[in-house]
Amino acid sequence: MWNFYKFKSNVALSDGNEDVYYSDLIKYSKKIVNKLRKKSLTVILVNNSISSLVCYISLLKKRFPILILDERVSKKNLNKIIKLYEPENICLSTHNSYLKNNNNFKLNFFFKNFQFLKTIKKNNFKVKNNLSVLATTSGSTGSAKLVRQSYDNIQSNTYSIIKYLKIKYDNVTITSLPLSYTFGMSVINTHLEIGSKIIVTNKSIIEKKFWEIFSKEQVNTVYGVPYTFEILNKLNFFSRDAKNLKLLAQAGGKISENLQKKISTYAKKYQKLFFIMYGQAEATTRISYLPYKKFDKKIGSIGIPIPGGKIRLVDEKRRVIKNSNKIGEIVYEGKNVCMGYALDKDDINKKNEWRNRIYTGDLAKRDREGYYYIVGRKKRFSKIYGLSVNLDEIENLLKSKFNNYNFAVISKKNKIQIFLNAIGINDSVINFLKRNTLIHINSYEIILVKEIPTLSNGKNNYKVLSDYS
């Protein structure tokens, strides 16, 4: 994974105050892993900082398996995951107070403004397979259900993205996505592979400082989710030329057709490359892409399979659909398909259960030229501003906490709509969700109803609710 010696004299990471060269990454990775036991599991709580990225890169480079989480994860969810997966190490910011009054871990060593903790109780557990990363499947609720990514998965995904985006060493990108998000990880992985420079910042695109950094550092490659491009549109970004910019790439959900047309016009006028991409954490982030030359001709399409991947559509009986414009479930095959799910430590050393194939749960149709268009979802997941959200999980969280009330949860137009048949607990519900999920509070909408409609089997009737709202 990564040949840093090839790019020793290049700057790998820069935050305006500190430059980290590829030669530094070689040195730092050796220093960090020398203090850890080989094949031991490390939980890493990440943010968009130099220290965080170096710790992530060092562990991955030296093939030390990690369980990656956003540093904003609640203490309750963190404790649940630690209990289930029993990591030997925890890597987190020195500002994090997790070690305080903790009788299970002790300080092992510091790296810049990050610290590594180690279990007090002896831990003999070893990862025995090719596991590299345990990554969250939802990115929102702190679920203990994780996807098992191997080194082969990451390498395959990395090479494929570099090939179709044609990324080179002079592509300078910026951390516009969280590192804990699999899309964010893939950006780091690909740019390190080709020896390019990554500008590190925790500033948001709505902050003036972000654009000061963007201009000063001559960032020319930007990645984002639908929310990113909606904000760019509100900032009138597509009405003028950003001279240094040459590549834009979007994934994490569908942007509106009107916005796609606007970006298409912008890209043509100012000679920018724009790619729409589709994927899942289960496929190490990437399944298809829409070539930039087809962008204005295939509005709404997720494109064609990534290099090395194959897409088929199947019906309810899993029979392959050969005719065009017939709806079926997307089945994807490729070396970037992960090994399977993990629910606890006992699942970590399982073999490759998926064997390079996943049934995505997304319903799509294929046109006569082989381009795919998503039309729906078999399961109750939704993309909210780039985060994959399990609606059933949120519903169950609420029912567990407020067990005297009934809830139903659906999504519509980047909103999570919560139907409630009681008054007086709105603020309690919102505060609970704020503490227990990583979804922005403005994404929730509470709708009061006299009665939540149900089907004959007693389950919530989401179709009626969707029509109601």
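Structural data are supplied above this passage.
Computed from a predicted model, the values in this text were never measured in an experiment.

Calculation criteria
- Residue indices begin from 1 for each chain and proceed along its sequence in written order.
- The predicted origin of the model limits local features to residues at a pLDDT of at least 70 and limits the giving and counting of side-chain atom pairs to 80 or more, whereas totals for whole chains, interfaces and linings rest on all residues.
- Note that water and hydrogens are dropped before the side-chain values are worked out from all heavy atoms of the structure.
- In this analysis, strands are considered paired if DSSP registers two or more bridges between them.
- For the purposes of this entry, the term helix denotes a DSSP run of H or I that reaches at least four residues, the term strand denotes a run of E that reaches at least two, and both are numbered from the N terminus.
- For helices, the axis comes from a line fit to the C-alpha atoms of the stretch in contact; other axes are also lines fit to C-alpha atoms, and the angle between any two N-to-C directions lies between 0 and 180 degrees.
- When checking whether two residues touch, look at their non-hydrogen atoms; a contact exists if any pair is within 4.5 Å.
- Roughly parallel means an angle under 35 degrees; roughly antiparallel, over 145; roughly perpendicular, 65 to 115; everything else is oblique.
- Each residue gets one of three labels, nonpolar for Ala, Val, Leu, Ile, Met, Phe, Trp, Tyr, Cys and Pro, charged for Asp, Glu, Lys and Arg, and polar for the others, Gly among them.
- Left-handed describes a crossing whose near helix is turned anticlockwise from the far helix by less than a right angle; the clockwise case is right-handed.
- A pairing counts as a salt bridge when a side-chain nitrogen of Lys or Arg comes within 4 Å of a carboxyl oxygen of Asp or Glu.
- Surface patches are drawn from residues lacking salt bridges whose relative accessible area is over 30%; two like charges belong together within 9 Å, two nonpolar side chains (Val, Leu, Ile, Met, Phe, Trp, Tyr) within 5 Å.
- The Shrake-Rupley method, run with a 1.4 Å probe sphere, supplies the accessible areas, and residue values consider only the shown protein chains as cover.
- Two residue types count as positive, namely Lys and Arg, and two as negative, namely Asp and Glu; His and chain ends fall outside the count.
- Where a charge sits is defined by one atom per residue type, namely NZ (Lys), CZ (Arg), CG (Asp) or CD (Glu).
- Relative accessibility under 20% of the residue-type maximum defines a buried residue, over 50% an exposed one, and the middle range a partly exposed one, all with a 1.4 Å probe and only protein chains included.
- Throughout, the protein atoms alone are placed on a 1 Å grid, and a set of points is a cavity if a 1.4 Å probe fits but cannot get out or a pocket if it is open with protein on both sides within 12 Å along at least five of seven lines; lining residues have an atom within 4 Å of a point.
- Grid points are joined across faces, edges and corners, and a volume is the space filled by probe spheres set on the points.
- Here, nonpolar core means buried Ala, Val, Leu, Ile, Met, Phe, Trp, Tyr and Cys residues that are tied together by side-chain atoms lying within 4.5 Å of each other.
- Within 6.5 Å between ring centres, the rings of Phe, Tyr and Trp (the latter by its six-membered ring) count as paired, and their orientation is classed by plane angle as stacked under 30 degrees, edge-to-face over 60, tilted in between.

If you walk across this open sheet you meet the three strands as 24-25-26, and the pairing is mixed. The open sheet has two edge strands with one neighbour each: strand 24 (407-412) and strand 26 (444-448). Averaged over all adjacent pairs, the angle separating strand axes in this sheet is 25°, with direction ignored. Relative to strand 26, strand 25 (residues 415-420) runs parallel, the two sharing five bridges. In the sheet register, Ile 416 faces strand 26, and the bridge partner there is Tyr 444. Helix 9 (residues 391-401) rests against strand 24, strand 25 and strand 26 of the sheet, and its axis sits at about 150° to strand 24. Against the sheet, helix 10 (residues 426-436) contacts strand 24, strand 25 and strand 26, and its axis sits at roughly 155° relative to strand 26.

Here we come to the packing of helix 1 (residues 22-33) against helix 2 (residues 50-61). Any two packed helices are characterised by the angle at which their axes cross and by the distance between the axes. At their nearest, the axes of helix 1 and helix 2 sit 9 Å apart, and the two run at 75° to each other. Comparing the axis directions of helix 1 and helix 2 gives the class roughly perpendicular. Counted together, Leu 25, Tyr 28, Ser 29, Ile 32 and Val 33 of helix 1 and Val 54, Cys 55, Ile 57, Ser 58, Leu 59 and Lys 61 of helix 2 form the full contact between these two elements. When the residues that make up the contact of helix 1 with helix 2 are grouped by side-chain class, the tally is eight nonpolar, two polar and one charged.

So, on to the sheet that holds strand 21 (residues 372-377). Taking strand neighbours across the sheet as the criterion, the four strands line up as 17-18-20-21 in an open arrangement whose pairing is antiparallel. Either end of the sheet is taken by a strand with one partner, and the two such strands are strand 17 (310-314) and strand 21. Each neighbouring strand pair of the sheet contributes to a mean axis angle of 50°, computed without reference to strand direction. In the sheet, strand 18 (residues 328-333) pairs with strand 20 (residues 357-366) via five bridges, with the strands oriented antiparallel. The residue of strand 20 that forms the bridge with Glu 329 is Leu 363.

This paragraph deals with the packing of helix 7 (residues 226-234) against helix 8 (residues 257-270). Helix 8 packs onto helix 7 with a crossing angle of 65° between their chain directions and a minimal axis gap of 11 Å. Handedness of the crossing formed by helix 7 with helix 8: left-handed. For the pair formed by helix 7 and helix 8, the contact residues are Phe 229, Glu 230 and Asn 233 on the first element and Leu 259, Lys 262 and Ile 263 on the second. Here the residues of the contact of helix 7 with helix 8 are counted per class, giving three nonpolar, one polar and two charged.

This paragraph deals with the pattern of salt bridges. Within the structure shown, the criterion is met by 21 salt bridges. Where Asp 367 meets Lys 298, a salt bridge forms, and the shortest distance between an N and an O atom there is 2.7 Å. On the criterion of sequence distance, the pair formed by Asp 367 in the loop between strand 20 and strand 21 and Lys 298 in the loop between strand 15 (288-290) and strand 16 (304-305) is long-range, its members being 69 residues apart. A single salt-bridge network, built from bridges that share partners, covers Arg 148, Asp 347, Lys 350 and Glu 353.

Turning next to the environment of Asn 404. Along the polypeptide, Asn 404 turns up in the loop between helix 9 and strand 24. For Asn 404 and Asn 34, which are 370 residues apart along the polypeptide, the C-alpha to C-alpha distance reads 52 Å.

Okay, a positive patch on the surface next. A cluster of basic residues, Lys 76, Lys 80, Lys 401 and Arg 435, forms a positive patch at the surface. On the accessibility criterion, Lys 401 (48% relative accessible area) is partly exposed.

A few words now on the pairing of strand 7 (residues 114-119). The buried count for strand 7 comes to five of six residues, which makes it a mostly enclosed element. Here strand 5 (residues 89-93) runs beside strand 7; their pairing, made up of five bridges, is antiparallel. If you follow Leu 92 over to strand 7, its bridge partner there is Gln 115. A loop of two residues connects strand 6 (residues 105-111) with strand 7, the two strands running antiparallel in sequence, and Lys 112 in this loop sits at a positive phi of about 50°.

Right, let's get into the layout of surface pockets. Considered as a void within the structure, the second largest pocket measures approximately 360 Å³ in volume. It is helix 3 (residues 75-85) that contributes the most residues to the lining of the second largest pocket, three residues altogether. By residue class, the composition of the lining of the second largest pocket is four nonpolar, six polar and four charged.

Turning our eyes to something else, we now look at the nonpolar core. Leu 13, Leu 25, Tyr 56, Ile 57 and Leu 192 are the most contacted members of the largest nonpolar core, which has 78 residues in total. Among the elements that line this core, the one with the most residues is helix 2, at eight residues. Apart from the residues lying within four places of it in its own chain, the contact partners of Leu 25 are Phe 4, Ala 12, Leu 13, Val 20, Val 54, Ile 57 and Leu 192. Counting residues in hydrophobic clusters, the runner-up holds 28 residues, among them Ile 213, Ala 267, Phe 295 and Tyr 371.

Once that is clear, we can look at the pairing of strand 22 (residues 381-384). Residues Ser 382 and Ile 384 of strand 22 are buried on one face, while the alternating residues Phe 381 and Lys 383, pointing to the opposite face, are not. Pairing of strand 22 with strand 23 (residues 387-390) involves four bridges; the strand directions are antiparallel. The residue of strand 23 that forms the bridge with Lys 383 is Ser 388. Where strand 22 hands over to strand 23, the hairpin turn is made up of two residues, of which Tyr 385 adopts a positive phi near 50°.

Let us look at the packing of aromatic side chains. Within this structure, the stated rule accounts for 23 aromatic pairs. Relative to Tyr 289, the ring of Phe 275 lies with its centre 6.5 Å away and its plane at 40°, an arrangement referred to as tilted. One end of the pair, Phe 275, is in strand 14 (residues 273-278); the other, Tyr 289, is in strand 15, with 14 residues separating them in the sequence. You can call Tyr 289 buried: its relative accessible area is 13%. Relative to Phe 432, the ring of Phe 402 lies with its centre 5.8 Å away and its plane at 80°, an arrangement referred to as edge-to-face. Taken together, the residues span a long stretch of sequence, with Phe 402 in the loop between helix 9 and strand 24 and Phe 432 in helix 10 at a distance of 30 residues. Each member of the pair Phe 402 and Phe 432 is classed as buried. Connected via pairs of aromatic rings, a cluster forms that spans Phe 210, Trp 211, Phe 214, Phe 237, Phe 238, Tyr 266 and Tyr 270.

Any functional reading would require information that these geometric values do not contain.
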